[in-house]
Amino acid sequence: MIEPRKGTGQPTIADVAELAGVSRAIASRALSSEPRPVSADKRERVLKAAQTLGYKPNLLARSLTTKTVNLVAVVVNHIHDLSDLDLFDLLISEIQSIGKQVIFVRVGSSQGIEEFLRNGIAYHVDAALVFSDFADAATVRKMFRNDSVLMLNGMRDDAAPAIIPDELTGIRAAVADAAGKGVRTALLVTGRAASAVEQARVAHYRSELQRNDIALAGELRGDYSYQSGRRLAASPDWKEVDAVFCTSDAMAMGVLDVHRDWVLQTRPKAFRLYGFDDVTLAEYEAYPISSIGYDKSIYIKEILRFLTHPKEFRSGGTLVRVPTYFVARDSS
């Protein structure tokens, strides 16, 4: 096995080329994230050599050639929800697979944006993916001095495309499931009021509950977290109803744990429980929560299409809707 050149500490493109038995130019083309001519046999040898040596491309050097910095900004409120973990683990991996790295920028309030702009912090990025409820498209373009902005928070303008799940389909199926099982009263446990996505989601629930003759006994405001679900389930504002609809699975798990006896491993008998996001933990018997989800691989595929083929999103009016589905699990 070829050892890295002395003094470098890390294997270089020259080491990869030598192990693969090709020129540095061929090795560079084979490892490029851009479509560049190289035979399949040589590409395979170069990729195998790079893996053997643990070679990582120099993103700065690559950026001088491609005129990109190979960085993607992901603008978030915070990351503490189970659905966030499910999504961002996959998203980071897929972005790295196209030769780019992710930087997370936390904007948890409108004051956070003002501070970002006031301090004159400038991140040079190839694109920005916006999940934060507090960041509109015009502000994000100003933050990064870049027009390549994708809105994933339910907000967009004439210059920014957006990708959102088509949540009405899943919500309609979940409420119809409840109605078909005799549910006549319900509680709605919701998330952040500032979220445009959440506002639309809550409006869908209200409409579908009314359409199915299910009385909405109350709305309790959480923050999508497990802890807020526990807090609300134990609060004096909790009401006895036939079903509880939570706008995140994490909150539904908190509700479930308050309303069952862990020692006896009993499940709540008083109400049916519905969550949102269909996180991985909801697939296990410990948390039998019916849930609304969407195919995260399709969602991320559309994000990667924006990053790799931005011309397909040239129209500011572009809105891509990812379909949702409903999974019924027995929580009663």
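1. Description of the overall build of the chain
Argument step 1. Within the chain, the secondary structure is distributed over 12 helices and 11 strands.
Argument step 2. In the chain, which comprises 332 residues, the proportion classed as buried is 47%.
Argument step 3. Contacts in the chain between residues far apart in sequence, at least 24 positions, make up 69% of those at least 6 positions apart.
Argument step 4. Roughly 16500 Å² of accessible area belongs to the chain as shown, and the carbon and sulfur atoms make up 51% of that amount.

2. Observations concerning the pattern of salt bridges
Argument step 1. Counted under the stated rule, the structure contains 12 salt bridges.
Argument step 2. Residue Arg192 is joined to Asp133 by a salt bridge in which the shortest nitrogen-to-oxygen separation is 2.7 Å. Residue Arg192 is found in the loop between β6 (185-190) and α9 (196-211), and its partner Asp133 is found in the loop between β3 (127-130) and α7 (137-144); the two are separated by 59 residues along the sequence.
Argument step 3. With a closest N to O distance of 2.8 Å, Arg206 and Glu219 form a salt bridge. Of this pair, Arg206 sits in helix α9 while Glu219 sits in strand β7 (residues 215-221), and the two are 13 residues apart along the sequence.

3. Some points on the packing of aromatic side chains
Within a pair of aromatic rings, the relevant descriptors are the distance that separates the centres and the angle that separates the planes.
Argument step 1. The full count for this structure, using the stated rule, is seven aromatic pairs.
Argument step 2. Seen from their ring centres, Phe88 and Phe104 are 5.5 Å apart, and the 90 degrees between their planes marks the pair as edge-to-face. Of this pair, Phe88 sits in helix α5 (residues 82-97) while Phe104 sits in strand β2 (residues 101-106), and the two are 16 residues apart along the sequence.
Argument step 3. Assessed through its relative accessible area of 5%, Phe88 is described here as buried.
Argument step 4. We classify Phe104 as partly exposed; its relative accessible area is 35%.
Argument step 5. A network of ring pairs unites the aromatic residues Tyr205, Phe245, Tyr274 and Phe326 as a single cluster.

4. A short note on the pairing of strand β1 (residues 71-76)
Argument step 1. Counting buried residues along β1, five of its six residues qualify, which places the element largely inside the surrounding structure.
Argument step 2. Inspection of the sheet shows β1 paired to β2 by six bridges, in the parallel sense. By the bridge assignment, Val75 is partnered in β2 with Val105.
Argument step 3. With four bridges connecting them, β1 and β3 associate as parallel partners. Note that in β3 the partner of Val74 across the bridge is Leu129.

5. Observations regarding helix α8 (residues 167-180)
Argument step 1. When the terminal C-alpha atoms of α8 are compared, their 20 Å separation across 14 residues agrees well with the 20 Å that a helix rising 1.5 Å per residue should span.
Argument step 2. Listed as buried for α8 are Glu167, Gly170, Ile171, Ala174, Val175, Asp177, Ala178 and Ala179.
Argument step 3. Next to the buried residues of α8 lie β5 (162-166), α9, β8 (243-246), β9 (272-276), β10 (290-294) and β11 (319-327).
Argument step 4. Of the residues one or two after α8, Gly182 is the one with positive phi, at around 90 degrees.

6. Structural notes on helix α3 (residues 40-53)
Argument step 1. With 14 residues, α3 should reach 20 Å at 1.5 Å per residue; the first-to-last C-alpha distance of 20 Å fits that figure.
Argument step 2. Looking only at α3, the buried set comprises Val46, Ala49, Ala50 and Leu53. Projection of α3 onto a plane perpendicular to its axis shows the buried side chains occupying an angular sector of 100 degrees, all on one side. Turned more than 90 degrees from where α3 packs its buried face, Ala40, Glu44, Lys48 and Gln51 sit exposed.
Argument step 3. Contacts made by the buried residues of α3 are with α1 (13-20) and α2 (24-31).

7. Comments concerning the packing of α2 against α3
Argument step 1. Between α2 and α3, whose axes approach to 9 Å, the crossing angle comes to 85 degrees. On the basis of the axis angle, α2 is roughly perpendicular to α3. Contact residues: Ile26, Ala27, Arg29, Ala30 and Leu31 in α2; Lys42, Arg43, Val46, Leu47 and Ala50 in α3.
Argument step 2. Residue classes in the contact of α2 with α3 are distributed as seven nonpolar, no polar and three charged.

8. Details of the nonpolar core
Argument step 1. With 24 residues, the main nonpolar core has Leu129, Phe131, Ile163, Tyr299, Ile303 and Leu307 as its most contacted residues.
Argument step 2. Secondary-structure elements contributing two or more residues to this core are β1, α5, β3, α12 (296-308) and β11.
Argument step 3. The element contributing the most residues to this core is α12, with six residues.
Argument step 4. When sequence neighbours within four positions are dropped, the list of residues in contact with Phe131 reads Val74, Val75, Val76, Leu87, Phe88, Leu91, Leu152, Asn153 and Tyr299.
Argument step 5. In this structure, Val244, Met251, Leu256 and Tyr287 belong to the second largest nonpolar core, which totals 20 residues.

9. Structural notes on the environment of Ala14
Argument step 1. By the secondary structure assignment, Ala14 is in helix α1.
Argument step 2. Between the alpha carbons of Ala14 and Arg24 there is a distance of 5.8 Å; along the sequence they are 10 residues apart.

10. Quick word on the pairing of β8
Argument step 1. A two-sided burial pattern is seen for β8, the buried positions comprising Ala243 and Phe245 on one face and Val244 and Cys246 on the other.
Argument step 2. Bridge count between β6 and β8: four bridges; the pairing is parallel. Bridge pairing in β8 links Leu188 to Phe245.
Argument step 3. Across three bridges, β8 lies against β9 in parallel orientation.

Procedures and definitions
The residue count restarts for each chain, going from 1 along the sequence in the order it is written. It should be noted that, the model being predicted, local features are given only for residues of pLDDT at least 70 and side-chain atom pairs only at 80 or more, the latter also being counted only at that level, while totals for whole chains, interfaces and linings use all residues. The basis for every side-chain value is the complete set of heavy atoms in the structure, and neither hydrogens nor water enter the calculation. Counting from the N terminus, the helices are the DSSP runs of H or I reaching at least four residues and the strands are the DSSP runs of E reaching at least two. Each residue is assigned to one of three classes by its accessible area relative to the maximum for its type, calculated with a 1.4 Å probe on protein chains only: buried under 20%, partly exposed between the two thresholds, exposed over 50%. Whether two residues touch is decided by their heavy atoms; if any such pair falls within 4.5 Å, the residues are in contact. All accessible-area figures derive from a Shrake-Rupley calculation using a 1.4 Å probe, and residue coverage is judged against the displayed protein chains alone. Within this document, salt bridges are pairs made up of a side-chain nitrogen of Lys or Arg and a carboxyl oxygen of Asp or Glu, the two lying within 4 Å of each other. Stacked, tilted and edge-to-face are the three classes applied to pairs of Phe, Tyr and Trp rings, where Trp contributes its six-membered ring and a pair requires centres within 6.5 Å; stacked means planes under 30 degrees apart, edge-to-face means over 60, and tilted covers the rest. If DSSP finds at least two bridges between two strands, the strands pair. Given a helix with a known number of residues, its expected span is that number minus one, times 1.5 Å. Think of the arc as the fan of directions from the helix axis to the C-beta atoms. Axis definition: a line fitted to C-alpha atoms, over the contacting stretch in the case of helices. Angles run 0 to 180 degrees between N-to-C directions. Angle categories: roughly parallel below 35 degrees, roughly antiparallel above 145, roughly perpendicular from 65 to 115, and oblique for all the rest. Throughout, the ten residues Ala, Val, Leu, Ile, Met, Phe, Trp, Tyr, Cys and Pro are labelled nonpolar, Asp, Glu, Lys and Arg are labelled charged, and all others, Gly among them, are labelled polar. Here, nonpolar core means buried Ala, Val, Leu, Ile, Met, Phe, Trp, Tyr and Cys residues that are tied together by side-chain atoms lying within 4.5 Å of each other.

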